[in-house]
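One-letter residues, chain by chain:
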Amino acid sequence: MNANPSPATGGCQCGAVRYAIDGPFRNPHICHCRMCQKAFGNYFAAFVGTEKAKFRWTRGKPGVFRSSDVVERRFCRDCGTPLSFAYDHSPYIAVAIGSLDDPACVTPQHQFGIESRLQAFATLHELPGTRTEDTIPAETMEKLKSRQHPDADRPSS
Amino acid sequence: MNTSSSTSGGCQCGAVRYRIAGTLCKASICHCRMCQKAFGNFGSALVAVPAAQVTWSRGKPATFRSSAIVDRGFCAACGTPLFLREDGDPNIEIAIGSLDDPNAIPAMIHQVGVESKVAWFDGLRDLPRRTTADDRTPEDLLRLKSLQHPDRDTEHWP
């Protein structure tokens, strides 16, 4: 299992919704199912779980979409960031790994929903890579300065 | 290259739908920290399309201005990240997972924003694999029946 920071914090891009995880992480994984693809607008979703009792929303209230009769997917209504997934009957909740303030602190261990895995997925890591500043002029980099919430809790403004 | 004359897509709940006339252009993934947080993921997977060829056929996306010159579009009713567009860019970058057929895009050409790439990304392909049905009873699968919008345009939804 991954040792995780306690509390592990995270939230959406704009900072309207923030959360904290006080317990250990469990079952870090990615899911290729078609519902996760569409919910995340991506190849797959990346999740890490914890006990619902060890999870708290610390700022704002997320929106919710029930993607099936027994599942809640939560997201930020102000900026869209997909945040969590939970079965009604389960004691666990999973958060979107990219929404953690440190998404490198947990390593996925399984792939689920393999029946919908997209063709290009298997070779993504072999594509040539560039750094952001390699391809964008310095004056544009200044304009691209991030307005997203910092990767840490901050007092409300 | 994709040569189909029309491509469709939208958010998970179906409140926002779009159509793309003509050809999809460059496809890439981005690992930058802003794409990670906006998409709640390793980063983003985007395909460029001339903005003039995109029609919002149902609803309108909401936007968050993640920097002084970039709009990120999403569905305010279910959160699906839908697009990224820089001011003045003739192209709009569509989130490929929001396409009704995300396999029907041109070949991915590169990964950008690798300064923020998470170390676990390169090993994902080789992780142990399970299908959705492997760990569930038929009864579980019935309860998990998708309420998301179908991967095609609909007259009425839901």
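Worth saying up front: this structure is predicted, and the values here are computed from it rather than measured.

A look at the interface of chain B and chain A
Part 1: Each side of the interface is counted separately: chain B has 78 residues, and chain A has 81 residues.
Part 2: Surface buried jointly by chain B and chain A totals about 6,300 Å² across both partners, of which 56% is contributed by carbon and sulfur atoms.
Part 3: Of all residues in chain B, Lys37(B), Trp120(B) and Arg125(B) bury the most surface against chain A, accounting for 12% of the area lost on that side.
Part 4: Where chain B packs against chain A, one counts seven salt bridges.
Part 5: Here Asp151(B) and Arg34(A) are joined by a salt bridge, their closest N and O atoms 2.8 Å apart.
Part 6: Run the count over chain B and chain A and you get 44 residue pairs in polar contact (both at pLDDT 80 or more).
Part 7: Looking at the side of chain B that touches chain A, the elements that each hand over two or more residues are α1 (33-39), β4 (44-50), β6 (62-67), β7 (70-74), β8 (81-86) and β10 (108-112) of chain B.
Part 8: The element contributing the most residues to the side of chain B that touches chain A is α1(B), with six residues.
Part 9: Looking at the side of chain B that touches chain A residue by residue, the class counts come to 37 nonpolar, 22 polar and 19 charged.

Regarding the nonpolar core
Part 1: Counting 59 residues, the largest nonpolar core has Tyr43(A), Phe44(A), Leu100(A), Ile96(B) and Met108(B) as the members making the most contacts within it.
Part 2: Of all the elements, β4(B) adds the most residues to this core, at three residues.
Part 3: Leu100(A) has contacts with Ala8(A), Thr9(A), Gly10(A), Tyr19(A), Ile21(A), Phe25(A), Val48(A), Val95(A), Cys105(A), Val106(A), Arg33(B) and Lys37(B), leaving out every residue within four places of it along the chain.
Part 4: Membership of the second largest hydrophobic core comes to 16 residues, among which are Ala39(A), Phe47(A), Val70(A) and Ala94(A).

Details of the sheet that holds β8(B)
Residues and elements named next belong to chain B.
Part 1: Spatially, the seven strands line up as an open sheet ordered β6-β7-β8-β9-β4-β3-β10, and their pairing is mixed. Lying at the two open borders of the sheet, with one neighbouring strand each, are β6 and β10. The mean inter-strand angle of the sheet, taken between neighbouring strand axes irrespective of direction, is 30 degrees.
Part 2: Relative to β7, β6 is paired through five bridges, and the arrangement is antiparallel. Following the sheet pairing, Thr63 is matched in β7 by Gly73.

Criteria and cut-off values
Residues numbered from 1 in each chain as written. Chains lettered and ligands numbered in written order. Predicted model: local features only at pLDDT ≥ 70, side-chain atom pairs only at ≥ 80, totals over all residues. Heavy atoms only, no water. Contact = heavy atoms within 4.5 Å. Buried area = accessible area lost by both parts, 1.4 Å probe. Salt bridge = Lys/Arg side-chain N within 4 Å of Asp/Glu carboxyl O. Polar contact = N/O pair within 3.5 Å; in protein donor to acceptor, adjacent residues only side chain to side chain. Helix = DSSP H or I, 4+ residues; strand = E, 2+ residues; numbered from the N terminus. Nonpolar A, V, L, I, M, F, W, Y, C, P; charged D, E, K, R; others polar. Core = buried A, V, L, I, M, F, W, Y, C linked by side-chain atoms within 4.5 Å. Buried < 20%, exposed > 50% of the residue type's maximum accessible area, 1.4 Å probe, protein only. Pairing = 2+ DSSP bridges. Axes fitted to C-alpha atoms, helices over the stretch in contact; angles between N-to-C directions.

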